[in-house]
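Each chain, letter by letter, is given below.
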Amino acid sequence: MDTLILYFSGTGNTHFVAKRIKDSLQNAECSAVETFPPERIKNYDTLIFGFPVYSCKMPEFLKQFTEKFPLTKSKRIILFSTFAYTPCNAMKDAANYFEKRGFYVVFAKGIKMPGSDALLLLKKGSRAAKKASQVNLTSIEQFVNGVKDAIYSNSTEKAQGNFLFAPLGLIAKLFIPIENTLKRAMFADEKCIHCGICEKVCPTNNIKVTERKVLFGKECVLCLRCVSQCPVEAIQIGKFTKGTVRWRGPSGDFNPLKNKC
Ligand SMILES: Cc1cc2nc3c(=O)[nH]c(=O)nc-3n(C[C@H](O)[C@H](O)[C@H](O)COP(=O)(O)O)c2cc1C
Ligand code: SF4
Ligand code: SF4
């Protein structure tokens, strides 16, 4: 039974969970969604797709990849997200999206992980940062066992929407102006060595590095990859991110250019 795991990860959490799933399954392949040729998906029995929750949703920009997903042999798909506070209705919405595309969603669950956004406001080495970086490995293992059950014993656990979460989706929309302000506040400071890494890791080609400048365009999705991958921590968002945590996943070594899962 061949399983394919595809994921998007900005700062390593979703990659970490994808790797745990891969390591626990037989005959599973795992790849970042950006680099996987979509036409190959139809050769697998089951697709597992993972994403981080941004503003109560599966990030919109991922649709450029998911819209090209052909159905798997069994049409089965397993969905997972990583989130820090509440996934709101992201899993239910994602399940509806894939069902409309003809997939049969057999398992869909969100996993609580450290907040890549909140950590960026916490001083490195502070007690608050240590607390916010804690990972519940037991809950990840329980989730991985649920995935295994869904694949090998055909059990199902579909995501449920929750009307209590519906207002949160609306509240998240109120953050759009704040997010736009944060995107405009992104800059490379004097520490920049013009290495070009931020340009390479940006999933939306939003960054151009020249000999003199780092230019940010209008396509930012706030995935924080550039911020966390810059080798000299030169990328700041406004005044509050100097000396704060650059989260690279629970293992501390997430690198979207190298990490295979
Ligand atoms: C722009 C942005 C928006 C976020 N919105 C939410 C949210 O609505 N709910 C939540 O629980 N976590 C939210 N988070 C936290 C991330 O979902 C969480 O840290 C996730 O595990 C990051 O995954 P990654 O490391 O694979 O990118 C947000 C993070 C960012 C950067
Ligand atoms: S990754 Fe950092 S050092 Fe390298 S070009 Fe970008 S801002 Fe400059
Ligand atoms: S500019 Fe940075 S935060 Fe924005 S999408 Fe690109 S890598 Fe992500």
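Residues numbered from 1 in each chain as written. Chains lettered and ligands numbered in written order. Predicted model: local features only at pLDDT ≥ 70, side-chain atom pairs only at ≥ 80, totals over all residues. Heavy atoms only, no water.

Focus on the overall build of the chain
Turning to step 1, where the next piece is worked out: Scanning the chain from terminus to terminus reveals 10 helices and 9 strands.
Turning to step 2, where the next piece is worked out: Here the C-alpha radius of gyration of the chain, 18 Å, is about what a compact globule of 261 residues would show, namely 18 Å.
Turning to step 3, where the next piece is worked out: Taken over 261 residues, the chain has a buried fraction of 46%.
Turning to step 4, where the next piece is worked out: Relative to all contacts within the chain whose residues are 6 or more apart in sequence, the contacts with residues 24 or more apart total 77%. (Helix = DSSP H or I, 4+ residues; strand = E, 2+ residues; numbered from the N terminus. Rg over C-alpha atoms; globule rule 2.2 N^0.38 Å. Buried < 20%, exposed > 50% of the residue type's maximum accessible area, 1.4 Å probe, protein only. Contact = heavy atoms within 4.5 Å.)

Concerning the site of ligand 1
Turning to step 1, where the next piece is worked out: Close to ligand 1 lie 23 residues, the nearest being Ser 9, Thr 11, Thr 14, Val 53 and Tyr 85.
Turning to step 2, where the next piece is worked out: Here an oxygen atom of ligand 1 and a backbone polar atom of Gly 12 are 3.2 Å apart.
Turning to step 3, where the next piece is worked out: Separating an oxygen atom of ligand 1 from a side-chain N or O atom of Thr 82 is a distance of 2.7 Å.
Turning to step 4, where the next piece is worked out: Relative to its unbound accessible surface of 650 Å², ligand 1 loses 94% to contact with the protein.
Turning to step 5, where the next piece is worked out: Looking at the shell around ligand 1, the elements that each hand over two or more residues are α1 (13–24), β4 (76–83) and α4 (116–119).
Turning to step 6, where the next piece is worked out: Counted by class, the shell around ligand 1 contains 11 nonpolar, 11 polar and 1 charged residues. (Near = heavy atom within 4 Å. Polar contact = N/O pair within 3.5 Å; in protein donor to acceptor, adjacent residues only side chain to side chain. Areas by Shrake-Rupley, 256 points an atom, 1.4 Å probe, with all protein chains shown as cover. Nonpolar A, V, L, I, M, F, W, Y, C, P; charged D, E, K, R; others polar.)

A short note on the domain arrangement of the chain
Turning to step 1, where the next piece is worked out: Segmentation of the chain into domains returns domain 1 (3–169) and domain 2 (176–237).
Turning to step 2, where the next piece is worked out: Computed from C-alpha atoms alone, the centre-to-centre distance between domain 1 and domain 2 is 25 Å.
Turning to step 3, where the next piece is worked out: Opposite the 12 residues of domain 1 that make contact, domain 2 presents 12 residues.
Turning to step 4, where the next piece is worked out: Summing the contributions of domain 1 and of domain 2, the shared interface buries around 920 Å²; its carbon and sulfur component is 57%.
Turning to step 5, where the next piece is worked out: On the domain 1 side of the contact with domain 2, Tyr 54, Phe 61 and Leu 120 bury the most area, a combined 39% of that side's loss.
Turning to step 6, where the next piece is worked out: Taken together, domain 1 and domain 2 are joined by 2 salt bridges.
Turning to step 7, where the next piece is worked out: Across the pair Glu 34 and Arg 225 runs a salt bridge whose closest N-O atoms are separated by 2.8 Å.
Turning to step 8, where the next piece is worked out: At the junction of domain 1 and domain 2, the tally comes to 4 residue pairs in polar contact (both at pLDDT 80 or more).
Turning to step 9, where the next piece is worked out: Split into classes, the residues belonging to the side of domain 1 that touches domain 2 amount to 4 nonpolar, 5 polar and 3 charged. (Domains from an automatic or database assignment. Buried area = accessible area lost by both parts, 1.4 Å probe. Salt bridge = Lys/Arg side-chain N within 4 Å of Asp/Glu carboxyl O.)

Some remarks on the sheet that holds strand β5 (residues 104–112)
Turning to step 1, where the next piece is worked out: Taken in spatial order, the 5 strands line up as β2-β1-β3-β4-β5 in an open sheet, and their pairing is parallel. Each edge of the open sheet is held by one strand with a lone partner, namely β2 (28–32) and β5. Across this sheet, the average inter-strand angle for adjacent strands is 15°, counted without regard to direction.
Turning to step 2, where the next piece is worked out: The pairing of β4 with β5 spans 8 bridges and is parallel. Bridge assignment links Phe 83 to a residue of β5, and that residue is Lys 112.
Turning to step 3, where the next piece is worked out: Sheet strands touched by helix α3 (residues 90–100): β3 (46–52), β4 and β5. Its angle to β4, the strand with the most contacts, is close to 150°.
Turning to step 4, where the next piece is worked out: With respect to the sheet, helix α6 (residues 137–152) is in contact with β1 (3–7), β3, β4 and β5, its orientation differing from that of β5 by roughly 175°. (Pairing = 2+ DSSP bridges. Axes fitted to C-alpha atoms, helices over the stretch in contact; angles between N-to-C directions.)

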